[in-house]
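Tertiary structure, described
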Amino acid sequence: MIVKNYKLKKIAIFASGSGSNAENIIRYFSDSTEIKVVSVLTNNHNAKVIERAKNLNISYKIFNKSEFNESVEFLNYLIKEVDYIILAGFLWLIPTRIIEKFPQKIINIHPALLPKYGGKGMFGTNVHQAVIDNKEKETGITIHYVNEHYDEGTIIFQKSVKVELNDTSETVAEKVHQLEYEYFPEVIESVILKK
Ligand code: GAR
């Protein structure tokens, strides 16, 4: 008899807004026997990601700043229940106390080609508008490990897409989202399974 020697890896997804990436990741791993999305965590009680989690039967938690930064219970939940943390449109800086407990186990997606257009305040439309304003010929996605600074952790994967003269921040956002949907789940999978 062949006994498989692996432990199911558990993911928590942090998201602050719509959560279309969160949904895409949840769907991607829904039949996996190796990786399971166990919860969606959000700082925003109006976030659409909550609705998505409910519809997909994934448990969710809403937390405030002091729980995130100081609560022992919050940290213990992560330590006990989660192997990897995925940031999918999550806008708060991850505190050192969480980073220390999850070395190279927190992965973020950024909607531009870092190190360009990263840092505090650089999220969603702000990023795409800056790309348009600077007449960039290309933009893309960056998937990277998370450290104590916004968008500065080691880069795992990048993919670019052309910016055309008639593109707007909305059309660029759409192109970038398509790249995110195509690549983010696969990259998460290959990091976790060390492929
Ligand atoms: C995504 O494009 C993600 O790359 C970006 O927010 C969007 C969330 O969309 N993240 C950042 O800007 C982080 N700095 P979603 O909620 O539909 O997944």
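Note that the structure is a prediction, hence the values are computed from the model and not measured. (Residues numbered from 1 in each chain as written. Predicted model: local features only at pLDDT ≥ 70, side-chain atom pairs only at ≥ 80, totals over all residues. Heavy atoms only, no water.)

So, the overall build of the protein chain
Across its full length, the protein chain carries seven helices and seven strands. Taken over C-alpha atoms, the radius of gyration comes to 17 Å for the protein chain, in line with the 16 Å a tight globule of 195 residues would show. Projected onto its principal axes, the C-alpha positions of the protein chain cover 55 × 45 × 30 Å. A total accessible area of about 10700 Å² is found for the protein chain, and carbon and sulfur atoms account for 50% of it. Across the protein chain, 24 positive and 24 negative side-chain charges occur, with their mean positions spaced 4 Å apart. (Helix = DSSP H or I, 4+ residues; strand = E, 2+ residues; numbered from the N terminus. Rg over C-alpha atoms; globule rule 2.2 N^0.38 Å. Areas by Shrake-Rupley, 256 points an atom, 1.4 Å probe, with all protein chains shown as cover. Lys, Arg positive; Asp, Glu negative; His and termini not counted. Charge placed at Lys NZ, Arg CZ, Asp CG, Glu CD.)

Some words on the pairing of strand 3 (residues 59-62)
In this structure, strand 2 (residues 35-42) lies alongside strand 3, joined through four bridges in parallel fashion. The residue bridging Thr42 from the neighbouring strand is Ile62, located in strand 3. At this point the chain moves from strand 2, through helix 2 (residues 48-55), to the parallel strand 3, and the crossover so formed is right-handed. (Pairing = 2+ DSSP bridges. Right-handed = clockwise from strand over helix to strand, strands pointing away.)

Quick look at the packing of aromatic side chains
Summed over all chains, the structure comprises 14 aromatic pairs. Ring centres of Phe14 and Phe74 lie 6.5 Å apart, and the angle between their planes is 90°; this geometry places the pair in the edge-to-face category. Of this pair, Phe14 sits in strand 1 (residues 9-14) while Phe74 sits in helix 4 (residues 72-81), and the two are 60 residues apart along the sequence. Note on accessibility: Phe14 and Phe74 belong to one class, buried. (Phe/Tyr/Trp six-rings, centres within 6.5 Å; stacked < 30°, edge-to-face > 60°. Buried < 20%, exposed > 50% of the residue type's maximum accessible area, 1.4 Å probe, protein only.)

Thoughts on the site of the ligand
Surrounding the ligand, one finds 13 residues, the nearest of these being Gly19, Ser20, Asn21, Gly124 and Glu180. For the ligand, a nitrogen atom lies 3.3 Å from a polar atom in the backbone of Met122. Protein chains shield 90% of the accessible area of the ligand, which is 450 Å² for the free molecule. Elements supplying a minimum of two residues to the shell around the ligand: helix 1 (20-28), strand 5 (106-110) and helix 7 (169-192). Of the residues belonging to the shell around the ligand, the class tally is four nonpolar, eight polar and one charged. (Near = heavy atom within 4 Å. Polar contact = N/O pair within 3.5 Å; in protein donor to acceptor, adjacent residues only side chain to side chain. Nonpolar A, V, L, I, M, F, W, Y, C, P; charged D, E, K, R; others polar.)

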